[in-house]
There are 2 protein chains.
Amino acid sequence: MTETASRPTLEAVAARAGVSRATASRVVNGGDGVREPLVERVRQAVEELGYVPNQAARSLVTRRHDAIAVVIAEPETRVFADPFFGLQLRGISKELTAHDSQLVLLLTEGRDDHSRVGRYLAGGHVDGALVFSLHLDDPLPDLVRRAGVPTVFGGRPGWGDGNRDAVYVDSDNRGGARAAVRHLVALGRTRIAHITGPLDQTSAADRLDGFRDVMPATDPRLIAESDFTPAGGEHAMRELLERCPDLDAVFAANDLTASGALRVLRERGRRVPEDVAVVGFDDMLPVAEQTEPPLTTVRQDIEEMGRLMARLLLSDLDPSARRGPAGAPSGLVLPTTLVRRASA
Amino acid sequence: MTETASRPTLEAVAARAGVSRATASRVVNGGDGVREPLVERVRQAVEELGYVPNQAARSLVTRRHDAIAVVIAEPETRVFADPFFGLQLRGISKELTAHDSQLVLLLTEGRDDHSRVGRYLAGGHVDGALVFSLHLDDPLPDLVRRAGVPTVFGGRPGWGDGNRDAVYVDSDNRGGARAAVRHLVALGRTRIAHITGPLDQTSAADRLDGFRDVMPATDPRLIAESDFTPAGGEHAMRELLERCPDLDAVFAANDLTASGALRVLRERGRRVPEDVAVVGFDDMLPVAEQTEPPLTTVRQDIEEMGRLMARLLLSDLDPSARRGPAGAPSGLVLPTTLVRRASA
DNA sequence: GCACCGGATGAGAGCGCTCTCCGAACCCGT
DNA sequence: ACGGGTTCGGAGAGCGCTCTCATCCGGTGC
């Protein structure tokens, strides 16, 4: 115990158990085809020596790494201003843990950093990748595809080039938007405005589509493009009030935007929800619960989304559960639910 | 190019460059002691073949992994409700990238999961660890120490057992709290209350200490223990108003708590900041900027904290820059700054 | 009782890399 | 030109593991 020596090897375990390295290996890897008494002896040796397999040596021969990369590409610092990724990571982590896989986190640092990620993925250091690519013009999906690593995307990637058969998990942005707007309609609102997110992101585009599904003939002046930020929400709200002073509801593409809109409405003396009903999207708790009044919004199960991505990837990697090349479900969409608070 | 064959090995590079594997290796690892023309030839071969070193093979012999673990131990889902860890991760990632190291993320799933992390760290899969352990009674620091992996802590760990010489990076919670309270004093406030965080976390304890530094003789009824949540803040604020209706300022241990307090103050008709001035802590943007009124608070440079942790760990690992065993700075405390908004 | 069979075990060959020798080549001074 | 010192480059031994194969065992059918 006092020895600073290196960790025990399989060899040592085998010696202690009085078996060959091969048998020891078999036991360590599940023990199939080894008779019980031997299994027991090896197990005990492992225990006594505190043996932990050397992953590097193992990878060298198996070419598996029991590790997957999580790539988060977001130039903005904004990324972590919201709990979104954190929750996804949590979901991913849970699933990976259950499969004894490790999570290698790759954050791209600015626009030029993509090649580093590409090189890493192509380098075969991980068994697969979960990629969060939010922008339509993001070079990342392409890069990843070329790296030839099994990949699952978080959020529907833009339909560039070869992304049509990309595997992804997304929440039902469109359906959620529909639910939100229908809720406003049910409230008797007729002049319903929409503050969009940046439309180069599929989530924002899908939410806009959902809005249009319910309000196909809406006055274009009731739609203001924005950027998912509170400041953007304020700006858009001012614009909308100017263009359409008679609006009686706002569906904001996310909670941050909604909070900005709320502020402007208050400032202009419009009561919420009496004069103007407001619905957000995301159910970003620290925001949605703290607005004045608390925000009615659309919740997505973000952690579940992460978990699902991981599960999908892992099943993709597991040869024993290989899905047919055809008919593979390439997109998985999680339901969203409306959370009623005070704002609508 | 069409071949699905495995990636090129050093052997292949060497062959193509017309040198031995050893020389190729030397070039790949910096090229010291190899003459220019050969270096060039090898570089070119690497380029042409798209050679990427097999990290597993390399680790097997060097016993380095160029990877560090980031351990985040937080039983609550709360963790990612705030951008704190995200920003730290960003800082850490930046620093690691600059050193060609990878980031392996380990999230503990509940109380019983510590042993898994301990095993992983002890397993020698990573070169070092950055550990976020927020609770005084957290078993993690102990575990990590026993795993014998070089470690830097994020946030001052509790002074349990052998933690006295733990290396950590923290922000100046105490100093920040002092600044916050001094600001309130400068505003002429005399009945200043403090809503604490959970006092089993060093950050909360340190902030309380800072409060006491400035208000040593404060009425104990002006201190309410809470839990860093908005709901907790509401509860504490109600309690405080009941006990001390004449209070004219509140220093909340974090922004979430402050937002809850703000809501109660508004509900009770106290004007902020006229009747009661409020200061928070963290400068958690989505919250602090959105409260009504916007929150005066204490900002900490979280990303820098992450970066510093990584730098510290890496320099610890780098034998060429080995610091003396004695006199090693074990704690690094980053400054905090007061951000004035409208609430105080 | 003997050839035969199937399953459990061991021997050994690598996986791709680094790094320690060593020999070869080259520099200088004389 | 030649010896002594310096580099530079190559050969080869592993790092710890998995996995194929050969081996060996006990049992079965005739």
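Basis of the calculations
Residues numbered from 1 in each chain as written. Chains lettered and ligands numbered in written order. Predicted model: local features only at pLDDT ≥ 70, side-chain atom pairs only at ≥ 80, totals over all residues. Heavy atoms only, no water. Helix = DSSP H or I, 4+ residues; strand = E, 2+ residues; numbered from the N terminus. Rg over C-alpha atoms; globule rule 2.2 N^0.38 Å. Lys, Arg positive; Asp, Glu negative; His and termini not counted. Charge placed at Lys NZ, Arg CZ, Asp CG, Glu CD. Near = heavy atom within 4 Å. Polar contact = N/O pair within 3.5 Å; in protein donor to acceptor, adjacent residues only side chain to side chain. Contact = heavy atoms within 4.5 Å. Buried area = accessible area lost by both parts, 1.4 Å probe. Salt bridge = Lys/Arg side-chain N within 4 Å of Asp/Glu carboxyl O. Buried < 20%, exposed > 50% of the residue type's maximum accessible area, 1.4 Å probe, protein only. Pairing = 2+ DSSP bridges. Right-handed = clockwise from strand over helix to strand, strands pointing away. UniProt positions renumbered as here; feature names shortened; annotations may be inferred. Axes fitted to C-alpha atoms, helices over the stretch in contact; angles between N-to-C directions. Domains from an automatic or database assignment. Phe/Tyr/Trp six-rings, centres within 6.5 Å; stacked < 30°, edge-to-face > 60°. Least-squares fit on C-alpha atoms with pLDDT ≥ 70 in both.

K.L.:
Help me understand the overall build of chain A, please; the structure alone is not making it clear to me.
P.N.:
When helices and strands are counted, chain A shows 13 helices and 12 strands. Computed over the C-alpha atoms, the radius of gyration of chain A is 26 Å, more than 25% above the 20 Å expected from 2.2 N^0.38 for a compact globule of 344 residues. When the 42 basic and 49 acidic side-chain charges of chain A are each reduced to a single mean position, those positions are 3 Å apart.

K.L.:
How should I be thinking about the protein's contact with DNA strand C in this particular structure?
P.N.:
Around DNA strand C, the surrounding shell holds 27 residues, and the nearest of these are Arg63 of chain A together with Leu10, Ser25, Tyr51 and Arg58 of chain B. The protein-proximal atoms of DNA strand C, defined as those within 4 Å of the protein, are 68% sugar or phosphate. The contact in question runs from a base oxygen of DNA strand C to an N or O atom on the side chain of Arg21 of chain B, over 3.0 Å. A distance of 3.4 Å separates a base nitrogen of DNA strand C from a polar backbone atom of Ala57 of chain B.

K.L.:
Would you mind showing me how to read the interface of chain A and chain B here?
P.N.:
Size of an interface: often given as the accessible area lost when the parts come together. Between chain A and chain B, the contact holds 52 residues from the first and 52 residues from the second. Both sides together, the interface formed by chain A and chain B hides about 4,000 Å², and carbon and sulfur atoms give 58% of it. Between Glu292 of chain B and Arg266 of chain A there is a salt bridge; the shortest N-O distance is 2.9 Å. At the junction of chain A and chain B, the tally comes to 12 residue pairs in polar contact (both at pLDDT 80 or more). Looking at the side of chain A that touches chain B, the elements with two or more residues in it are α4 (55-62), α5 (84-98), β2 (102-107), α6 (114-122), α11 (255-267) and α12 (285-288) of chain A.

K.L.:
Just checking my understanding: could you explain the pairing of strand β3 (residues 128-133) of chain A for this structure?
P.N.:
It is a general feature of regular strands that their side chains alternate between the two faces of the sheet. All names here are of chain A. With six of six residues buried, β3 is to be regarded as a mostly interior element. The sheet contact formed by strand β1 (residues 67-73) and β3 spans six bridges and is parallel. Note on β3: the bridge partner recorded for Ile68 is Gly128. Between the parallel pair β3 and strand β4 (residues 151-154), the chain is carried across by helix α7 (residues 140-147), and the sense of this crossover is right-handed.

K.L.:
Hey, could you run me through the UniProt feature "domain: HTH lacI-type" (unreviewed entry) in chain A in this one?
P.N.:
The positions that UniProt labels "domain: HTH lacI-type" (unreviewed entry) are, in the present scheme, residues 8-62 of chain A. In residues 8-62 of chain A, the share of helix is 69% and the share of strand is 0%. The end C-alpha atoms are 20 Å apart.

K.L.:
What is the right way to look at the sheet that holds strand β2 (residues 102-107) of chain B in this model?
P.N.:
Across the sheet, which stays open at both edges, the 12 strands sit in the order β11(A)-β5(A)-β4(A)-β3(A)-β1(A)-β2(A)-β2(B)-β1(B)-β3(B)-β4(B)-β5(B)-β11(B) with mixed pairing between neighbours. Each of the sheet's edge strands pairs with one partner strand only, and the pair in question is β11 (331-334) of chain A together with β11 (331-334) of chain B. Along the sheet, successive strands turn relative to each other by an average axial angle of 25°, direction set aside. With six bridges connecting them, strand β1 (residues 67-73) of chain B and β2 of chain B associate as parallel partners. Looking at the pairing, Ala69 of chain B lines up with Val104 of chain B of β2 of chain B.

K.L.:
How do you make sense of the side chain of Ser101 of chain A when you look at a structure like this?
P.N.:
All names here are of chain A. Inspection of the secondary structure assignment puts Ser101 in the loop between α5 and β2. Residue class for Ser101 comes out buried when judged on its relative accessible area of 9%. In this view, Ser101 contacts Asp66, Ala67, Leu96 and Leu314; residues no more than four positions away in its chain are not counted.

K.L.:
Even after reading the chapter, I still don't get the domain arrangement of chain A, so can you show me in this structure?
P.N.:
Per the domain assignment, the segments of chain A are domain 1 (10-53), domain 2 (67-171 + 303-334) and domain 3 (173-300). Taking only C-alpha atoms, the centre of domain 1 of chain A and the centre of domain 3 of chain A are 62 Å apart.

K.L.:
Can you walk me through the packing of aromatic side chains in this structure?
P.N.:
For any pair of aromatic rings, geometry is given as the distance between the ring centres together with the angle between the planes. All names here are of chain B. Scanning the entire structure with this criterion turns up four aromatic pairs over all chains. Here Phe85 and Phe132 contribute two aromatic rings whose centre-to-centre distance is 5.5 Å and whose plane-to-plane angle is 90°, an arrangement assigned as edge-to-face. Residue Phe85 is found in helix α5 (residues 84-98), and its partner Phe132 is found in strand β3 (residues 128-133); the two are separated by 47 residues along the sequence. As far as the burial class goes, Phe85 and Phe132 line up, both buried. Centre to centre, the rings of Phe251 and Phe281 are 6.4 Å apart; their planes meet at 50°, and the pair counts as tilted.

K.L.:
Explanation requested: the relation of the copies chain A and chain B in the structure shown.
P.N.:
Both copies of the chain are related by a screw-like operation: a rotation about an axis and a shift along it. Note on the identical chains: chain A maps onto chain B by a rotation of 180° and an axial translation of 0.0 Å, with an RMSD of 0.1 Å. Accordingly, the operation relating the two chain copies is best matched by a two-fold axis. When the interface residues of chain A are mapped onto chain B, 100% of them again fall at the interface, so both copies present the same face.

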